[in-house]
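In case you want the letters, here they are:
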Amino acid sequence: MAHMEMISAMVYQLMEGATIQEIKAAGLEGHYTEHGRALYPVNAQGAPFTVDYFAVTGDPIADLAEDMAAEQKARAVYEHLMDLTDNPEILAPLSFLRQREVVHYQRFLELYNYYLEKGYGKKDCKLNNW
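Analysis parameters
Residues numbered from 1 in each chain as written. Predicted model: local features only at pLDDT ≥ 70, side-chain atom pairs only at ≥ 80, totals over all residues. Heavy atoms only, no water. Salt bridge = Lys/Arg side-chain N within 4 Å of Asp/Glu carboxyl O. Helix = DSSP H or I, 4+ residues; strand = E, 2+ residues; numbered from the N terminus. Buried < 20%, exposed > 50% of the residue type's maximum accessible area, 1.4 Å probe, protein only. pLDDT = per-residue confidence, 0-100. Contact = heavy atoms within 4.5 Å.

S.K.: What's the story with the pattern of salt bridges in this structure? I'm lost.
M.R.: Opposite charge on two side chains permits pairing when their charged atoms draw close. Evaluation of the coordinates by the stated rule reveals two salt bridges. Between Arg75 and Glu79 there is a salt bridge, with the nearest N and O atoms lying 2.9 Å from each other. Taken as a pair, Arg75 and Glu79 lie in helix H4 (residues 60-83) at a separation of four residues, close to a single helical turn. Since its relative accessible area comes to 28%, Glu79 is described here as partly exposed.

S.K.: Could you clarify how one ought to interpret the confidence of the model for the protein in this entry?
M.R.: Should pLDDT be low for a region, the predicted coordinates there are not to be read in detail. Confidence in the prediction for the protein averages 84 pLDDT; 90% of positions are at 70 or higher. Within the protein, no element has a lower average pLDDT than helix H1 (residues 2-16), which sits at 78, and none a higher one than helix H5 (residues 88-117), at 94. In this model residues 126-130 is a low-confidence stretch, pLDDT under 50, and it forms five contacts with partners more than four residues away in sequence or in other chains.

Shown next, in the form of structure tokens:
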């Protein structure tokens, strides 16, 4: 959620002094029509943020694999956003967020490997010879 707040704050700051012509040129007239310059977190296709995006099974192996995938996806999105600008005031926080994704991925991977080494789930899982 903190990442969404940071990205939303950056979009707000970029739109804060924008003229209607600049908003239209950026393709944000739909957002402006419904929300003005206010924050309304959506994905690139306009689907609003929802907690439905959080996938939790209660199984640490499955949940950690999901967490690692989410970190990698977020890292890729930040890199794509960085490709779209040369503004240092935008690049700095995006770079920070990207690096956090890398660190989070590494920590999740360490825990994932720990659980695998301890044999978590062996008696319950018949796949992959567990």
